[in-house]
Amino acid sequence: MLEVRNLTKAYHGRHIFKDVRLSIKQGEVVGLIGRSGIGKSTLARCLVGLEQPDEGVFALDGETFETGTANARKNIQYLWQDASQSLSPYLTAHAALMETLNGFSIGAKEERFQKARGLLSDLGISPDMQARRPHALSGGQCQRVALARALAAEPKLLILDEPLSALDLITQNRTVELLKRLHVERNLTMLIVSHDLAPLQKMSNRILLLQQEGIVEREAVQQFLGRVE
Ligand SMILES: Nc1ncnc2c1ncn2[C@@H]1O[C@H](COP(=O)(O)OP(=O)(O)OP(=O)(O)O)[C@@H](O)[C@H]1O
């Protein structure tokens, strides 16, 4: 579904990663771990055009694409670690979803209002909360609004950057359950970036480890963990 080849990124002449290969199948939940500073967020941002890679070939469903174009942004949605960064401080939760639905012309015009309502309700955002701006919502609520907004774009792939790190333990568990439910109900394809293996193991079908030499698969991840334990 997503194929990435030769992904290379350097800052000021120093390579963060070089010739990275990544492939994600439809309906898969892939976890990406790696030590702090190795370049996980940079890699995720390269996929959505928030960072410009030095090299890289990207294909979605067999067709190459340029990152950052309107179509690519619709197809690959990215959720920031701090959900409030994904949301405009000026828009209510409902208006944020309407902006996405109108911006990408999703569904019939007259159905968008209800569609936004329904999506937010499904993620536990009550009508009262839907009328609030991000400052009047908790961190966990903001995250669910950002998630609903990303889903409103009907993306082929959802990338979540450290989705649990800004949340308390109870909200973390709720988010894990919510993501698992969304995966089952919507057959949602996700790439989840985290430095924490335990929650990734609960959510992912496959875990990848980003190292300076590139990406390695699960078996090698176990060896890596065996070495550090
Ligand atoms: N805009 C930038 N200019 C220069 N260096 C940068 C820039 N953005 C990131 N870096 C550097 O690139 C490296 C990778 O950063 P990145 O945030 O991708 O790592 P990470 O694996 O996501 O780390 P963490 O788990 O701590 O979030 C770090 O050394 C970081 O300092």
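- The chain is annotated in an unreviewed UniProt entry as ABC-type dipeptide/oligopeptide/nickel transport system, ATPase component from Cohaesibacter gelatinilyticus.
- What UniProt records for the chain under Sequence similarities (unreviewed entry) is the sentence "Belongs to the ABC transporter superfamily."

## Things to note about the overall build of the chain
(1) Moving on: Summing up its helical and strand segments, the chain has nine helices and 10 strands in all.
(2) Moving on: For a compact globule of 229 residues, the expected C-alpha radius of gyration is about 17 Å, and the chain comes in at 18 Å, within 12% of that figure.
(3) Moving on: Overall, the chain is about 50 × 40 × 35 Å in size when its C-alpha atoms are taken along their principal axes.
(4) Moving on: Taking all 229 residues of the chain together, the buried fraction comes to 51%.
(5) Moving on: Restricting to contacts in the chain with at least 6 residues of sequence separation, those with at least 24 account for 67%.
(6) Moving on: When the accessible surface of the chain is split by element, carbon and sulfur atoms take 47% of a total near 11,400 Å².
(7) Moving on: The distance from the centre of the 28 positive side-chain charges to the centre of the 26 negative ones in the chain is 3 Å.

## Details of the packing of helix H3 (residues 93-103) against helix H4 (residues 112-122)
(1) Moving on: Viewed as axis vectors pointing N to C, H3 and H4 meet at an angle of 125°, and their least axial separation amounts to 9 Å. Classed by the angle they form, the pair H3 and H4 counts as oblique. Where H3 crosses over H4, the handedness of that crossing is right-handed. Contact residues: H3 offers Ala93, His94, Leu97, Met98, Leu101 and Asn102, while H4 offers Arg112, Phe113, Lys115, Ala116, Arg117, Leu119 and Leu120.
(2) Moving on: Here the residues of the contact of H3 with H4 are counted per class, giving eight nonpolar, two polar and three charged.

## Comments concerning the packing of H3 against helix H6 (residues 139-152)
(1) Moving on: Running from N to C, H3 and H6 cross one another at 20°; their axes reach a closest spacing of 8 Å. Between H3 and H6, the crossing angle belongs to the class labelled roughly parallel. Read as a crossing pair, H3 and H6 show a hand that is right-handed. Residues Ala93, Ala96, Leu97, Thr100 and Leu101 of H3 pack against Val145, Ala148, Arg149 and Ala152 of H6.
(2) Moving on: When its residues are assigned to classes, the contact of H3 with H6 shows seven nonpolar, one polar and one charged.

## So, the site of the ligand
(1) Moving on: The immediate surroundings of the ligand are formed by 13 residues, with Ser36, Gly37, Lys40, Ser41 and Thr42 found nearest.
(2) Moving on: Within the side chain of Ser36, an N or O atom sits 2.6 Å from an oxygen atom of the ligand.
(3) Moving on: In the model, an oxygen atom of the ligand is placed 2.9 Å from a nitrogen or oxygen of the Ser41 main chain.
(4) Moving on: Relative to its unbound accessible surface of 640 Å², the ligand loses 63% to contact with the protein.
(5) Moving on: Elements that contribute at least two residues to the shell around the ligand include exactly strand E2 (14-24) and helix H1 (40-48).
(6) Moving on: Here the element with the most residues in the shell around the ligand is H1; it accounts for three residues.

Conventions used here
- Residues numbered from 1 in each chain as written.
- Predicted model: local features only at pLDDT ≥ 70, side-chain atom pairs only at ≥ 80, totals over all residues.
- Heavy atoms only, no water.
- UniProt positions renumbered as here; feature names shortened; annotations may be inferred.
- Helix = DSSP H or I, 4+ residues; strand = E, 2+ residues; numbered from the N terminus.
- Rg over C-alpha atoms; globule rule 2.2 N^0.38 Å.
- Buried < 20%, exposed > 50% of the residue type's maximum accessible area, 1.4 Å probe, protein only.
- Contact = heavy atoms within 4.5 Å.
- Areas by Shrake-Rupley, 256 points an atom, 1.4 Å probe, with all protein chains shown as cover.
- Lys, Arg positive; Asp, Glu negative; His and termini not counted.
- Charge placed at Lys NZ, Arg CZ, Asp CG, Glu CD.
- Axes fitted to C-alpha atoms, helices over the stretch in contact; angles between N-to-C directions.
- Parallel < 35°, antiparallel > 145°, perpendicular 65-115°, else oblique.
- Left-handed = near helix turned anticlockwise from the far one by under 90°.
- Nonpolar A, V, L, I, M, F, W, Y, C, P; charged D, E, K, R; others polar.
- Near = heavy atom within 4 Å.
- Polar contact = N/O pair within 3.5 Å; in protein donor to acceptor, adjacent residues only side chain to side chain.

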